[in-house]
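As a plain string of letters, each chain reads:
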Amino acid sequence: MGGLDAVERGPLPSDASATSDSGSAAGESDHPSVAALRAKFGDAIQGDTVHAGDQTVVWIDPARSLEILTWLKDDPGQKYDMMSDVTGVDYGGGRPVEVVYQMFSTTHKRALRIRCKLPLDALEIDSVVGLWVGANWLEREVYDLFGVTFKGHPDLRRILMPQDYAEGHPLRKDFPLRGRFSRAEQTRRALAQDVERFYGPEELVEGGAPQQVAARSEPAEGEG
Amino acid sequence: MGLGDLLPGGGTQKSEGGLGMFGAGSPTFLTTKIDEVINWGRRNSLWPMPFGTACCAIEMMAAAASNFDLARFGMERMSFSPRQADVLICAGRVPYKLAPVLRRIWDQMPQPKWCVSMGACASSGGVFDVYSMVQGIDTIVPVDVYVPGCPPRPEGLIYGLMMIQEKIRQESLGRHFEHRAEDPALVAAPRADEEEIVGLTGPFGNSTHQEKLADGRIVRSPDPNDDVPV
Amino acid sequence: MAERTIELNVSRNPEMGVDGLPKASPLAPIDIAEPDLGTEEMLINIGPQHPATHGVLRLICELDGETVVDVTPDIGFLHSSFEKLGEYRTWNQIVTLTDRMDYLAPLIYNCAYVMSVEKLMGIEVTERCKVVRVIIMEMDRIFGHLLWLGTTAIDVGAFTPFLYAFQQREKIYKLHESLTGARITTSATRVGGMMADLPEGWIDQLNDFLDHFPNTLGEIDRLLTGNQIHIGRTQGVGVIGADEAINYGLTGANLRAAGVDYDVRKDQPYYDYETYDFEVPIGEHGDCYDRYLCRMEEMRQSVRILRQAIDRLPGGPINVQDPNISLPSKTDCMSDMESMIHHFKLITDGIPAPEGDCYMAIEGSKGELGMYVVAEEGGTKPVRWRIRPPSFVNLSAIPKLARGHLVSDLIMINASLDIVLGEIDR
Ligand code: SF4
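The structure reproduced in this document is the subject of the present report. What you see is a predicted model; the values in this text were computed from it and never measured.

A tally of regular secondary structure across chain C gives 17 helices and ten strands. The C-alpha atoms of chain C give 23 Å as radius of gyration, which agrees with the globular expectation for 426 residues (22 Å, within 12%). On the principal axes, the C-alpha backbone points of chain C span a range of 90 × 40 × 35 Å. Each of the 426 residues in chain C was classed as buried or not, and the buried ones make up 67%. Taking the intrachain contacts of chain C between residues at least 6 apart in sequence as the baseline, contacts between residues at least 24 apart amount to 72%. Surface summary for chain C: the accessible area is close to 13,700 Å², and the carbon and sulfur share equals 53%.

What follows covers the site of the ligand. Within the structure, the ligand sits among 13 residues, and Cys55, Cys56, Ala120, Cys121 and Cys150 of chain B are positioned closest to it. Around the ligand, the neighbouring residues derive from chains B and C rather than from a single chain. For the shell around the ligand, the secondary-structure elements that each account for two or more residues are helix 2 (55–64) and helix 4 (119–124) of chain B. In terms of residue count, the dominant contributor to the shell around the ligand is helix 4 of chain B (three residues). Across the shell around the ligand, the residue classes tally to eight nonpolar, three polar and two charged.

Our focus in this paragraph is the sheet that holds strand 2 (residues 87–91) of chain B. All names here are of chain B. Here we have four strands laid out as an open sheet, ordered 1-2-3-4, and parallel in their pairing. Where the open sheet ends on each side, the last strands, each with one partner, are strand 1 (48–52) and strand 4 (145–147). Pairs of neighbouring strands in the sheet enclose a mean axial angle of 15°, with direction left out of account. Its contacts with the sheet put helix 2 on strand 1, strand 2 and strand 3 (114–118), and the angle it makes with strand 2 is roughly 130°.

For the rest of this paragraph, the subject is the pairing of strand 8 (residues 356–363) of chain C. Residues and elements named next belong to chain C. Taking burial as the measure, the eight residues of strand 8 include eight buried ones, the bulk of the element. Judged by which residues are buried, strand 8 turns out to be covered on both faces: Gly356, Cys358, Met360 and Ile362 on one side and Asp357, Tyr359, Ala361 and Glu363 on the other are all buried. Of the pairings in the sheet, the one linking strand 8 to strand 9 (residues 368–375) comprises eight bridges and is antiparallel in character. Bridge pairing links Glu363 to Glu368 in strand 9. In this antiparallel pair of consecutive strands, strand 8 and strand 9, the connection spans four residues, and Gly367 shows a positive phi of 145°.

Tyr101 of chain A together with Trp91 of chain C are the most contacted members of the largest nonpolar core, which has 223 residues in total. Among the nonpolar cores identified, the runner-up in size contains 22 residues, and Phe73, Trp114, Met118 and Ile168 of chain B belong to it.

Attention shifts here to the pairing of strand 9 of chain C. Of all eight residues in strand 9 of chain C, eight are buried, a share of seventy percent or more. Side-chain alternation along strand 9 of chain C places Glu368, Gly370, Tyr372 and Val374 of chain C on one buried face and Leu369, Met371, Val373 and Ala375 of chain C on a second face that is also buried.

The next point concerns the interface of chain A and chain C. Contacts between the two partners involve 69 residues from chain A and, on the opposite side, 70 residues from chain C. For the pairing of chain A and chain C, the buried interface totals around 5,600 Å² over both sides, and the portion due to carbon and sulfur atoms is 58%. Run the count over chain A and chain C and you get nine salt bridges. Note that Glu87 of chain C is salt-bridged to Lys173 of chain A, the shortest N-O span being 3.3 Å. Run the count over chain A and chain C and you get 21 residue pairs in polar contact (both at pLDDT 80 or more). Listing elements by their share of the side of chain A that touches chain C, those giving two or more residues are strand 2 (55–60), strand 3 (82–90), strand 4 (97–105), strand 5 (110–118), helix 3 (135–146) and helix 5 (201–204) of chain A. The dominant element in the side of chain A that touches chain C, judged by the number of residues it contributes, is strand 3 of chain A, at eight residues. For the side of chain A that touches chain C, the residue count by class is 34 nonpolar, 18 polar and 17 charged.

Residues and elements named next belong to chain C. What the rule picks out here adds up to 16 aromatic pairs over all chains. Considering the side-chain rings of Tyr270 and Tyr271, the 6.2 Å spacing of their centres and the 70° angle between planes classify their relative orientation as edge-to-face. Neither residue differs from the other here; Tyr270 and Tyr271 are each classed as buried. Residues Tyr273 and Phe278 carry aromatic rings whose centres are separated by 6.0 Å and whose planes lie at 65° to one another, so their mutual orientation is edge-to-face. Each member of the pair, Tyr273 as well as Phe278, carries the same accessibility label: buried. Three or more aromatic residues link up through ring pairs in this structure, and these residues are Tyr270, Tyr271, Tyr273, Tyr276 and Phe278. The lysine or arginine in question, Arg295, covers the ring of Trp148, its NZ or CZ lying 4.6 Å from the ring centre.

The next point concerns the pattern of salt bridges. Should the charged atoms of two oppositely charged side chains come close, the side chains can pair. Scanning all chains against the criterion turns up 52 salt bridges over all chains. The shortest N-O distance in the salt bridge between Asp85 of chain A and Arg386 of chain C comes to 2.6 Å. In this pair, Asp85 of chain A sits in strand 3 while Arg386 of chain C sits in strand 10 (residues 384–388), so the two residues belong to two different chains. A residue is classified by how much of its surface remains accessible, and Arg386 of chain C, at 1% relative accessible area, is buried. Residues Arg169 of chain B and Glu166 of chain B are paired through a salt bridge, measuring 3.1 Å at the closest nitrogen-oxygen approach. With Arg169 of chain B and Glu166 of chain B both in helix 5 (residues 154–169) and three residues apart, this pair spans about one turn of that helix. Overall, the relative accessible area of 34% leaves Glu166 of chain B in the partly exposed class. Members of the salt-bridge network, linked through shared partners, are Glu138, Arg141, Arg256, Asp263, Arg265, Glu298 and Glu363 of chain C.

Of all ten residues making up helix 2 of chain B, eight are buried, and the element is well covered by its neighbours. All of the buried residues along helix 2 of chain B are Cys55, Cys56, Ala57, Ile58, Glu59, Met60, Ala62 and Ala63 of chain B. For helix 2 of chain B, the secondary structure elements touched by its buried residues are strand 1, strand 2, strand 3, helix 4 and helix 5 of chain B together with helix 5 (160–180) of chain C.

What follows concerns the sheet that holds strand 2 (residues 42–46) of chain C. All names here are of chain C. An order of 2-3-4 is seen for the three strands of this open sheet, with the pairing classed as antiparallel. This sheet does not close on itself; its edge strands, each paired only once, are strand 2 and strand 4 (67–74). Pairs of neighbouring strands in the sheet enclose a mean axial angle of 25°, with direction left out of account. Sitting on the sheet, helix 16 (residues 407–416) is in contact with strand 2, strand 3 (58–64) and strand 4, with an inclination near 150° to strand 3.

A separate point is unusual backbone geometry. Residues and elements named next belong to chain B. The residue after Gln111, namely Pro112, is reached through a cis peptide bond having omega -5°. Structurally, the position occupied by Pro112 is in the loop between helix 3 (99–108) and strand 3. Residues Cys150 and Pro151 are joined by a peptide bond in cis, for which omega reads -10°. Assignment of secondary structure puts Pro151 in the loop between strand 4 and helix 5.

Thresholds, definitions, all that
Residues numbered from 1 in each chain as written. Chains lettered and ligands numbered in written order. Predicted model: local features only at pLDDT ≥ 70, side-chain atom pairs only at ≥ 80, totals over all residues. Heavy atoms only, no water. Helix = DSSP H or I, 4+ residues; strand = E, 2+ residues; numbered from the N terminus. Rg over C-alpha atoms; globule rule 2.2 N^0.38 Å. Buried < 20%, exposed > 50% of the residue type's maximum accessible area, 1.4 Å probe, protein only. Contact = heavy atoms within 4.5 Å. Areas by Shrake-Rupley, 256 points an atom, 1.4 Å probe, with all protein chains shown as cover. Near = heavy atom within 4 Å. Nonpolar A, V, L, I, M, F, W, Y, C, P; charged D, E, K, R; others polar. Pairing = 2+ DSSP bridges. Axes fitted to C-alpha atoms, helices over the stretch in contact; angles between N-to-C directions. Core = buried A, V, L, I, M, F, W, Y, C linked by side-chain atoms within 4.5 Å. Buried area = accessible area lost by both parts, 1.4 Å probe. Salt bridge = Lys/Arg side-chain N within 4 Å of Asp/Glu carboxyl O. Polar contact = N/O pair within 3.5 Å; in protein donor to acceptor, adjacent residues only side chain to side chain. Phe/Tyr/Trp six-rings, centres within 6.5 Å; stacked < 30°, edge-to-face > 60°. Lys NZ or Arg CZ within 6 Å of the ring centre and 35° of its normal.

Here is the structure:
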């Protein structure tokens, strides 16, 4: 697609280096990190492709994610020192939920996207907060909205939804757009919440009883 | 409108000397209805409590800034403390997580008090017919004036506030307690009962329409508690 | 291209050590050995409805006297589920949601979103569209920074800069309005182009703004940059080092103030930013004052970019000339059968996307703004639309920045991060 022939070029000579390839066609990646990853971790690398023209995506084994990400951060040839984004994707229809890491290396000026497929019955992955502190809130958000548990996260509580939100994890595809409860029930629950309850001094300490909080929001799964 | 309009004779005849600012024959007294005087005072010295959350709050700031100048209507002082405020201007989206905060602010405001719902989101949820948003703050607090728009222009907000002033002008002190009584049992409770909330917040066309458009790839499990037809 | 970065060369407070920490400022906490009286820490709550939190942010502070021991931000009070809603909207319908997210610089969000979708679909927009988007993005960078400047100045007790800033903002409101018809919720872009081309006289209006804006900026600069109160409140407050800032994922002026040379416009250039002549201000102390200086300088650089972009604005169509992407003109629709069918197909079905995902980062006014879209083969709606929110990540560093400072400094630190709650909570 494109129809670019019809585009009238402006008075300025267009920059020859501007990428204009057709994007999205999946192909072999020549990203230097991919070869290095394959050489180092072998079959923990489940696949790689190029999306959107020039963006390299690598699928890795979630069981070894922490090991691989640690190497990507610390190896002098990689040095992905900035974790731009941690997020989740749910395709629905019983397919695995994916956790996506978008990384950037300020040394080599390279970006890399790592994805991990988590089967619906084992939504667990190692936390990377120990490597990048900035992942703290991002992982909490994935936990809140997708229900993925990050093992070893210091403070895994809901972040956007109320702590006692009982309807589930909103960004999952089986979650209805308007929520699971009726509007009247949602309003009643909203006004009944006690916003001060979740911030006793003991919960301010990092790592303060996250399991307890997780347990409180767990009934979500059962209802509906 | 000045005090002169309230007075018999329209305050046009000025007496000659001294204190005689007001007309109607005598320099020292005036006759009028107590309602008129009190309402005149009330409506020209409203202190708004700006409960601004999102984009609409920016337009509220613009309304208060020099170009539009809310101060012309006696709303010189934005009262950031609910206990000293008369009008709650709810500008912006109100998610369920914020609902108890809004309700508490309303409960903290002393009578007499009024509420303006500014923008589509505050009035009806707007485009956000989703799991996290209150579908109209009138399910939580009583609203006097709805200002439509996304966001309403500052002129729109000012017009809404002038309608509040008009409403105040028509109030009567004799029915003060009837109008202004508050049931302590209703503190921190929804304003509307269940049936009314369901009626007020029914699917708005937009979201259900989208649901039909979804080409089957978005799988939804039917849910008895869900009021959206699958 | 001139040299890539400029150092901010403003005389620092002589009382300030090289590391940015105050040696002995009258406003800094004085370290005197006190007898241990067995005090207890106190918990205070700021927000969610508080004028100094710049929105509905809640900060729970643990205080020892007036010193902040720890801060726990509580967010989500404006969670409007944009990302969920996006899954029910076609590609073009989502544009209307983007400007409701960051209402301080809406056009940047409009552009970032469509850029990501275009990259996913492999659409290349016209030259004119590129330059127009650069213009509106730089204009809104100024727009966003001005609001930050005004409200932050209020937080340190200066009211005049607020009025000056809003006076200039009102001019950009007018520009928004004549371009899109709305003051804030612009929704100006479409996949493959713009909602409409620039109206007549718009460039003159913009030139007029550019003629007057640097003067006002200079006035604000004179009011604040050398102001002893402002310096006392900001220098050495909320310091973060370069490595730590990267580790926390800080971006934008917050990262550059810490001395890291990272600007998406330079490092992952889009829309030919590499051919514009501008510099990236880099701080060295990583405190509130350097963040302030960086943003001031960024506004000046934006004016430079705007002038260059206006000069090179080419003619030609603004939309991609492909009937499967851009809507035909209204006249064609009414008179030409084929155009009408295309119009109908585009409106009812939307634009089909190829399978894949795309993360497109641009330099927003708050930092690196990423738009991540995931599509399935032929999907006219995203499977997932994700915003990498710069101020969300920046705000997560606030406990680190505020520890050990006074409560009043916490307000300043929060302001200096330049947050917008609409985008943090989404
Ligand atoms: S009504 Fe529109 S402008 Fe106002 S808060 Fe809602 S989305 Fe924003």
